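Observations on the three-dimensional arrangement
The primary structure of each chain is shown beneath.
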Amino acid sequence: MTVAGRSAPIRVLVVEDDPVAADAHRLYVERVPGFTVAGAARSRAEAARVLDQVPVDLILLDLYLPDGHGLALLRSLRTAGHAADVIAVTSARDLAVVREGVSLGVVQYVLKPFAFATLRDRLVRYAEFHAAVGEAGGQDEVDRALAALRAPAQAALPKGLSGPTLAAVTDALRRAGDDGLTATAAGEATGTSRITARRYLEHLAETGHAVRAPQYGQVGRPELRYRWSGSRP
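A brief look at the structure comes next. (Residues numbered from 1 in each chain as written. Predicted model: local features only at pLDDT ≥ 70, side-chain atom pairs only at ≥ 80, totals over all residues. Heavy atoms only, no water.)

**Some details on the packing of aromatic side chains**
Throughout the structure, instances matching the rule amount to one aromatic pair. The aromatic ring of phenylalanine 116 is capped on one face by arginine 31, whose charged end is 3.8 Å from the ring centroid. (Phe/Tyr/Trp six-rings, centres within 6.5 Å; stacked < 30°, edge-to-face > 60°. Lys NZ or Arg CZ within 6 Å of the ring centre and 35° of its normal.)

Have a look at this one:
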């Protein structure tokens, strides 16, 4: 089995009922080399119509649609003979839904909200999997092809930082929206000190999940304000 070069881009259908999220997903896909958006749909019915008219290799699928569940759409598509792979882009965390999705051709799950880097990683891995052609020479080649779909293990946090506190600070920053948060405000929102909150905010900024800027208009040294840089839910 070999990984072939691809001249034609991977054609993606974005299925998302939230217009803000749909626009963000379209922009994200177009930023990844080797991918193009073939269409967008905001409902099961619209997605089915697009798939009947436009060739699609991959579907970015929100599972909560206004006219039914995304997996119901997948079941009907498989019955109709559509073979496009699926990356579920969703807030659904029910593992029973995950298992059913796998049986219907969901190759990756991306939980909302997420940053561009998260989706880019999944798309790049999918492209490697999609490009594998020919006959496998043995178990190792099959394992390598499937391993391309698996996300890497999450990097360990810097010493002194904890997962639960990072999650709390991240959630507070996301909820703050475009206004962002200072370390003082983040500490008040999460029940931590200003110094502790700033360490977590700095970690988010250094890993590309937040941006920082001075807050002017106050006496003395301006306090930094941090804003979430990931996608909206």
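That shown, we press on.
**So, the sheet that holds strand β7 (residues 85-90)**
Pairing in this open sheet of five strands is parallel, and the strands run β3-β2-β4-β7-β8 from one edge to the other. Sheet topology places β3 (35-41) and β8 (106-111) at the edges, where each strand pairs with a single neighbour. Sheet twist, expressed as the mean angle between neighbouring strand axes with direction ignored, is 20 degrees. Sheet strands touched by helix α5 (residues 116-131): β2 (10-15), β3, β4 (58-61), β7 and β8. Its angle to β8, the strand with the most contacts, is close to 170 degrees. (Pairing = 2+ DSSP bridges. Helix = DSSP H or I, 4+ residues; strand = E, 2+ residues; numbered from the N terminus. Axes fitted to C-alpha atoms, helices over the stretch in contact; angles between N-to-C directions. Contact = heavy atoms within 4.5 Å.)

**Concerning the packing of helix α7 (residues 163-176) against helix α9 (residues 194-206)**
In a packed pair of helices, the relevant descriptors are the angle between the two axes and the axis-to-axis distance. Here α7 crosses α9 at 75 degrees, and the two axes come no closer than 10 Å. For the element pair α7 / α9, the angle class is roughly perpendicular. Across the interface between the two elements, Thr165, Leu166, Val169, Thr170 and Leu173 from α7 touch Tyr200, Leu201, His203 and Leu204 from α9. Looking at the contact of α7 with α9 residue by residue, the class counts come to six nonpolar, three polar and no charged. (Parallel < 35°, antiparallel > 145°, perpendicular 65-115°, else oblique. Nonpolar A, V, L, I, M, F, W, Y, C, P; charged D, E, K, R; others polar.)

**So, the packing of helix α2 (residues 44-53) against helix α3 (residues 70-79)**
As a packed pair, α2 and α3 sit with axes 10 Å apart at the nearest point and diverge in direction by 30 degrees. On the basis of their axis angle, the class for α2 and α3 is roughly parallel. By crossing handedness, the relation of α2 to α3 is classed as right-handed. Packed against α2, whose contacting residues are Arg44, Ala47, Ala48 and Leu51, the element α3 presents Ala72, Leu73 and Leu77 at the interface. Class assignment of the residues belonging to the contact of α2 with α3 gives a composition of six nonpolar, no polar and one charged. (Left-handed = near helix turned anticlockwise from the far one by under 90°.)

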